[in-house]
Amino acid sequence: MGFEKNILCIGAGYVGGPTMAMIARKCPQYKVTVVDIDKEKIKAWNSSNLPIFEPGLDEIVKKSRGKNLYFSTEIEKGIEESQIIFVSVNTPTKTFGQGAGRAADLQYWEKTAREILAYSGSSKVVVEKSTLPVRTASAMERILNENSKGMRFEIVSNPEFLAEGTAIKDLENPDRVLIGSRETPEGIKARKEVVEIYLNWVPKEKIIESNVWSSELSKLTANAFLAQRISSINSISALCEKTEADIDEVAFAIGMDSRIGPKYLKSSVGFGGSCFKKDILNLVYICESYGLDKTARYWESVVDINDWQQNRFVQNMLSNMFNTVAGKKIAIFGFAFKANTGDTRESPAIRVAQGLLDEHAEVVITDPKALENAKKDLKQFKQGVTFEANPYKAAKGAHAVAVLTEWDVYRALDYRRIFKSMVQPAFLFDGRNILDHKKLFETGFNVFAIGKAPLKHFRY
Ligand code: NAD
Ligand code: UGA
């Protein structure tokens, strides 16, 4: 069957895979190919064991794969055959040279641009799907359009706003789709081609068109604002712990104000995930490079508070467990950076586990989906850490349980049974405020939650 259009996506990761699976599902008239340099990943995308866990993903991949959705390592062929190329490669924080620890590392991105140029035989639309510093499109234009073959590449910015764990839901019913381009006739034509793809399922009023710089900057700003709300509430959680105010009650009360709204006010051990920290640091770096020091310091403080909140959690465990955890068994419930994902990138659990291991605790980690990643994250610790799929077994003989991911399974456990199997006095640290603290206290636990007065059985 002939397809109306060939769409290519370079980068088959958390964004490229699900995003393209959704486009293929909603647009049977297009052929969608996703390519990657990682052979193992592509093999997994073509198997029944997909490389990422995301509710609903298996189903939509199964429905389109082999019909109009293809996963391949043939990058050259993919580029040759396509009219529209989405680029969804990773843009991590730079670890070397100028801007190390802050700036985005654009080497994968630039390599992709050069490959597009090398393997293209005709003009194409190139879509920035990765999160990029504002004005990257200008660099892309320079690389791509300085060619001797007479080809013209239009750069369109279409940042992705999906959150992991709800990717399929977010892609199917997005709050908005943002598409930016140059405001030239050619730029607007390219932008409309991308709009046309989304119109297959997204209502017109949810598709925003803008200039390319606004689109690039809106993505960084959206992540900075979301993370800022979490750091704001987390900063207040520390004050709650000193004053017997309850952070969940405060969040509920302020969230009822329609100007503030209730979302992203859940106090926690800190935000994790591959993007919030890297995108804010990138924003900080860009501001600095334009001499906007005040703006840079303002956003940097969002990351500072998050680091502080994670460290504070470990400190709190230590001080409440009589200032030593050496030789004590501590069960960590949840290692993923949030529920419903196996992703552990920048997970607060990494910092907490490291902090406890540095104090010579015996750490047992349990998680329904993230144990393999947890093993990789903690591979430098040759001893002191074990991994256990069953939370009851993880907690057996432990001095403390620390809940670090808000998995539903942890709400439903029999904590009476857990308490009985633990060393007394038994401690429970709820880094996500998901458990019934009063009930746990009545069961016998000493309970420490985020932004709440501790519930202790000790009189002194
Ligand atoms: P990822 O690491 O999961 O996937 C990126 C993929 O690109 C990898 O599989 C890698 O092998 C591949 N790649 C790198 N260079 C390549 C090349 N030259 N040719 C072919 N493939 C190449 O990353 P991700 O989480 O999907 O993120 C991708 C981008 O999307 C980032 O800029 C990120 O900030 C942004 N983003 C991520 C999320 C998220 O939830 N993870 C959400 C929105 C936006
Ligand atoms: C986030 C954004 O929500 C997406 O819109 C964006 O596309 C994505 O980053 C990205 O650019 O990568 P994600 O990191 O997948 O998505 O997950 P979130 O649900 O935003 O959670 C991030 C972290 O904040 C998690 O550790 C979560 O537990 C924590 N969080 C979230 C809180 O501690 N409190 C809250 O109220 C909300």
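Shown above is the structure to which this text applies.
Here we summarise the structure given alongside this text.

Reading guide: rules and limits
- Residues numbered from 1 in each chain as written.
- Chains lettered and ligands numbered in written order.
- Predicted model: local features only at pLDDT ≥ 70, side-chain atom pairs only at ≥ 80, totals over all residues.
- Heavy atoms only, no water.
- Helix = DSSP H or I, 4+ residues; strand = E, 2+ residues; numbered from the N terminus.
- Rg over C-alpha atoms; globule rule 2.2 N^0.38 Å.
- Buried < 20%, exposed > 50% of the residue type's maximum accessible area, 1.4 Å probe, protein only.
- Contact = heavy atoms within 4.5 Å.
- Areas by Shrake-Rupley, 256 points an atom, 1.4 Å probe, with all protein chains shown as cover.
- Lys, Arg positive; Asp, Glu negative; His and termini not counted.
- Charge placed at Lys NZ, Arg CZ, Asp CG, Glu CD.
- Near = heavy atom within 4 Å.
- Polar contact = N/O pair within 3.5 Å; in protein donor to acceptor, adjacent residues only side chain to side chain.
- Nonpolar A, V, L, I, M, F, W, Y, C, P; charged D, E, K, R; others polar.
- Axes fitted to C-alpha atoms, helices over the stretch in contact; angles between N-to-C directions.
- Parallel < 35°, antiparallel > 145°, perpendicular 65-115°, else oblique.
- Left-handed = near helix turned anticlockwise from the far one by under 90°.
- Pairing = 2+ DSSP bridges.
- Phe/Tyr/Trp six-rings, centres within 6.5 Å; stacked < 30°, edge-to-face > 60°.
- Expected span 1.5 Å × (residues − 1).
- Arc of directions from axis to C-beta.
- Salt bridge = Lys/Arg side-chain N within 4 Å of Asp/Glu carboxyl O.

**Some words on the overall build of the chain**
The helix and strand tally for the chain stands at 18 helices and 14 strands. Its C-alpha radius of gyration of 24 Å places the chain within 12% of the 23 Å reference for a compact globule of 460 residues. Considering only C-alpha atoms, the chain reaches an extent of 80 × 50 × 45 Å along its principal axes. Among the 460 residues that make up the chain, the fraction classed as buried is 53%. Contacts spanning at least 24 positions in sequence make up 72% of the contacts within the chain whose residues lie at least 6 apart. Total accessible area on the chain is roughly 21,100 Å²; 52% of this is exposed by carbon and sulfur atoms. Within the chain, the 57 negative side-chain charges are centred at a point lying 3 Å from the centre of the 63 positive side-chain charges.

**So, the site of ligand 1**
Around ligand 1, 27 residues are found, and the nearest of them are Val 15, Asp 36, Lys 41, Thr 91 and Lys 278. Val 15 is positioned with one of its backbone polar atoms (N or O) 2.9 Å from an oxygen atom of ligand 1. Burial of ligand 1 by the protein chains amounts to 93% of its free accessible area of 830 Å². Tallying contributions element by element places helix H5 (residues 107-119) first for the shell around ligand 1, with three residues. Here the shell around ligand 1 is composed, by residue class, of nine nonpolar, nine polar and nine charged.

**Considerations on the packing of helix H9 (residues 212-243) against helix H12 (residues 293-320)**
Two elements in contact, H9 and H12, have axes separated by 9 Å at closest approach and are oriented at 45°. Compared by their axis directions, H9 and H12 come out oblique. The crossing of H9 and H12 is left-handed. In this structure, H9 uses Ala 224, Phe 225, Ala 227, Gln 228, Ser 231, Asn 234, Ser 235, Ser 237, Ala 238 and Glu 241 to contact H12, whose residues at the interface are Tyr 298, Trp 299, Val 302, Ile 305, Asn 306, Trp 308, Gln 309 and Arg 312. A per-class count over the contact of H9 with H12 returns nine nonpolar, seven polar and two charged.

**Things to note about the sheet that holds strand E9 (residues 329-333)**
The six strands lie next to each other as E11-E10-E9-E12-E13-E14, forming an open sheet whose pairing is parallel. The sheet terminates laterally at strand E11 (385-387) and strand E14 (446-449), the two strands that pair on one side only. Between one strand axis and the next, the sheet turns by 20° as a mean value, whatever way the strands run. Looking at chain direction, strand E13 (residues 427-430) and E14 are connected through four bridges and run parallel. By the bridge assignment, Leu 428 is partnered in E14 with Val 447. The sheet contacts of H12 involve E9, strand E12 (400-403), E13 and E14, and relative to E13 the element is tilted by about 165°.

**Digging into the environment of Ala 400**
Topologically, Ala 400 is positioned in strand E12. Along the sequence, Ala 400 and Ser 214 sit 186 residues apart, while their C-alpha atoms lie 48 Å from each other. Those residues within four positions of Ala 400 in sequence are excluded, and the remaining contacts are Met 321, Lys 329, Ile 330, Ala 331, Met 422, Phe 427 and Phe 429.

**Structural notes on the packing of aromatic side chains**
The final tally for this structure, using the stated rule, is 15 aromatic pairs. Considering the side-chain rings of Phe 225 and Trp 299, the 5.5 Å spacing of their centres and the 40° angle between planes classify their relative orientation as tilted. In this pair, Phe 225 sits in helix H9 while Trp 299 sits in helix H12, placing the two residues 74 residues apart along the sequence. Of the residues examined, Phe 225 reaches a relative accessible area of 47% and is grouped as partly exposed. With a relative accessible area of 9%, Trp 299 lands in the buried category. A centroid spacing of 5.8 Å and a plane angle of 75° characterise the contact between Phe 322 and Phe 427, whose relative ring orientation is edge-to-face. One end of the pair, Phe 322, is in the loop between H12 and E9; the other, Phe 427, is in strand E13, and 105 residues separate them in sequence. Exposure remark for Phe 427: the relative accessible area of 2% places this residue in the buried category. Taken together, the aromatic side chains of Phe 313, Phe 322, Phe 427, Phe 429, Phe 448 and Phe 458 make up a single cluster linked through ring pairs.

**Quick notes on helix H8 (residues 185-198)**
Here H8 is 14 residues long and its end C-alpha atoms lie 20 Å apart, about the 20 Å a rise of 1.5 Å per residue gives. Every buried residue belonging to H8 is among Gly 187, Ala 190, Arg 191, Val 194, Val 195, Ile 197 and Tyr 198, and all of these are buried. Down the axis, H8 shows its buried residues gathered within 150° of arc, on one side only. Structural note: H8 exposes Pro 185 and Lys 189 on the side pointing more than 90 degrees away from its buried face.

**Things to note about H9**
Look at H9: 47 Å from first C-alpha to last across 32 residues, which is about the 46 Å you get at 1.5 Å a residue. Its side-chain oxygen 2.9 Å from the backbone nitrogen of Trp 213, Asn 211 forms the N-cap of H9. The first or second residue beyond H9 is Glu 244, which carries a positive phi of 65°.

**Re the pattern of salt bridges**
This model, assessed by the stated rule, comprises 32 salt bridges. When the shortest N-O distance is used, the salt bridge between Arg 102 and Glu 288 registers 2.7 Å. With a gap of 186 residues between them, Arg 102 in the loop between strand E4 (84-87) and H5 and Glu 288 in helix H11 (residues 276-289) connect regions that are remote in the sequence. Taking the relative accessible area as the measure of exposure, Glu 288 reaches 28% and is therefore partly exposed. When the shortest N-O distance is used, the salt bridge between Arg 297 and Glu 300 registers 2.8 Å.

**Description of the side chain of Arg 312**
Mapped onto the elements of the fold, Arg 312 is located in helix H12. Residue Arg 312 is classed as buried on the basis of its relative accessible area of 17%.

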